[in-house]
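Remarks on the overall topology
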Amino acid sequence: MTTLTVVKKGDKVAIAADGLTTFGDTRLARSYKGEHDKILDIAGSKIGICGSSAHHLVLLSAFSKLEEIRLGTRMEVYETFRRLHPILKEHAFLNTKEDEDDPYESSQITALIANTTGIYGVYSYREVFEFDRVWAAGSGRSFALGAMHALYDSALSAAQIAEAGVAAGIEFDTSSGPPIVVHEFKLEGKPNE
């Protein structure tokens, strides 16, 4: 899968990801795949994607079909992903089934978002969380969370902590690998909710 991290510290936020893609037991290292990485640049935000390797192109295409993309607050992130869901179903043929007892259709996506307003997480049923310090997603998340928790109160920057989290995922998770990609933003505040 992957290791994705987001960090908010002081007046900065950062997002980082590993560079390995896997297809079952087969590893596709960065040197075999060109410019593709796990962090999309969408509407002034960086969106890290977990899950199927198909998500990258599917989401680039689906986001291009939205008239308005707003990701500046928890509610804006929710509304954007809610409007994205029917596009995923109709144009990308998303399989929305997970469990019979699920209360909602799944978008099959786990994503972390960083932008000038903060850091957010989006999950399968379009649950959206805003984080105040650190968070991680993917198969290396537990290693990343431990590393970032241990380093958060140090003198390291948001970008350095995010990178250290991904490095821990790469060190211990079999589905994460180099290189590490890091993006950092200066916090500028939220639009009116």
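Placed above this text is the structure.
What this report covers is the structure whose coordinates are included nearby. This structure is a prediction, so every number in the text was calculated from the model and none was measured. (Residues numbered from 1 in each chain as written. Predicted model: local features only at pLDDT ≥ 70, side-chain atom pairs only at ≥ 80, totals over all residues. Heavy atoms only, no water.)

Structural notes on the overall build of the protein chain
What counts is decided by this rule: Starting at the N terminus, helices and strands are each numbered in turn, a helix being any DSSP run of H or I of at least four residues and a strand any DSSP run of E of at least two. A radius of gyration in this sense is built from C-alpha atoms; the matching globule rule multiplies 2.2 Å by the number of residues raised to 0.38. Whether a residue is buried, partly exposed or exposed follows from its accessible area with a 1.4 Å probe, protein chains only, as a fraction of its type maximum: under 20%, in between, or over 50%, in that order. Contacts between residues were defined by any pair of non-hydrogen atoms, one from each residue, lying within 4.5 Å. In this tally, Lys and Arg are treated as positive and Asp and Glu as negative; His is ignored, and so are the chain termini. Charge placement uses NZ in Lys and CZ in Arg. For Asp and Glu, CG and CD serve respectively.
If you tally the helices and strands in the protein chain, you get four helices and 11 strands. Relative to its length of 193 residues, the protein chain is compact, with a C-alpha radius of gyration of 16 Å against a globular reference of 16 Å. Expressed as lengths along the three principal axes of its C-alpha atoms, the size of the protein chain is roughly 45 × 45 × 35 Å. Residues classed as buried in the protein chain amount to 47% of the 193 residues present. The contacts of the protein chain with a sequence gap of at least 6 include a subset with a gap of at least 24, amounting to 59%. The averaged location of the 27 negative side-chain charges in the protein chain is 3 Å from the averaged location of its 20 positive side-chain charges.

Thoughts on the nonpolar core
To keep things clear, this is the line we draw: Among buried residues, those of type Ala, Val, Leu, Ile, Met, Phe, Trp, Tyr and Cys that are joined through side-chain atoms within 4.5 Å constitute a nonpolar core.
Ile 47, Leu 59, Phe 63, Val 77, Phe 81, Leu 84 and Ile 113 are the most contacted members of the largest nonpolar core, which totals 20 residues. Counting only elements with at least two residues in this core, the list comes to strand E5 (39-42), strand E6 (45-50), helix H1 (55-64), helix H2 (74-92), strand E7 (110-115) and strand E8 (118-122). Excluding anything up to four places from it in sequence, Phe 63 contacts Ile 42, Ile 47, Ile 69, Thr 80, Phe 81 and Leu 84.

Thoughts on the packing of aromatic side chains
Definition in use: Side-chain rings of Phe, Tyr and Trp (the six-membered ring for Trp) are treated as a pair once their centres are within 6.5 Å; stacked means planes under 30 degrees apart, edge-to-face means over 60, and tilted covers the remaining angles.
The final tally for this structure, using the stated rule, is five aromatic pairs. Here the aromatic rings of Phe 129 and Phe 131 are separated by 6.5 Å at their centres, their planes lie at 20°, and the arrangement is stacked. By relative accessible area, which is 11% here, Phe 131 ends up buried. Arranged with centres 5.6 Å apart and planes meeting at 35°, the rings of Phe 143 and Phe 172 form a pair that is tilted. Of this pair, Phe 143 sits in helix H3 (residues 141-151) while Phe 172 sits in helix H4 (residues 158-172); the two residues are 29 residues apart in sequence, bridging distant segments of the chain. Take Phe 143: its relative accessible area is 33%, and that puts it in the partly exposed class. Residue classification places Phe 172 among the exposed positions, given a relative accessible area of 57%.

So, the sheet that holds strand E10 (residues 134-137)
Stated precisely, the cut-off is as follows: Only when DSSP finds a minimum of two bridges between them are two strands counted as paired. Every angle, taken between N-to-C directions, lies between 0 and 180 degrees, and every axis is a line fitted to C-alpha atoms, over only the stretch in contact when it is a helix.
Taken in spatial order, the four strands of this open sheet run E10-E1-E2-E11, and their pairing is antiparallel. If you trace the sheet from one side to the other, it starts and ends with E10 and strand E11 (181-186), each paired once. Here the average twist between neighbouring strands, direction ignored, is 10°. Taken together, the six bridges between strand E2 (residues 12-17) and E11 define a ladder with antiparallel strand orientation. Along E11, the bridge assignment pairs Val 13 with Phe 185. Set on the sheet, H3 makes contact with strand E1 (4-9) and E10; between it and E10 the angle comes to about 165°.

Focus on unusual backbone geometry
With an omega dihedral of 0°, the bond running from Pro 178 to Pro 179 counts as a cis peptide bond. Here Pro 179 lies in the loop between H4 and E11. Positive phi, normally seen in glycine, also occurs at Gln 108, with a value near 60°. Secondary-structure assignment places Gln 108 in the loop between H2 and E7.

Some words on the layout of surface pockets
The test is simple: Lining residues are those with an atom within 4 Å of a point, where the points come from a 1 Å grid over the protein atoms alone and group into cavities, where a 1.4 Å probe fits but cannot get out, or pockets, open sets with protein on both sides within 12 Å along at least five of seven lines. Grid points are joined across faces, edges and corners, and a volume is the space filled by probe spheres set on the points.
Put simply, the largest pocket is a space of about 220 Å³. Taken together, 15 residues make up the lining of the largest pocket; nearest its centre are Met 1, Lys 38, Gly 51, Ser 52 and Ser 53. Where the lining of the largest pocket is concerned, the elements lending two or more residues are strand E3 (21-23), E6 and H1.

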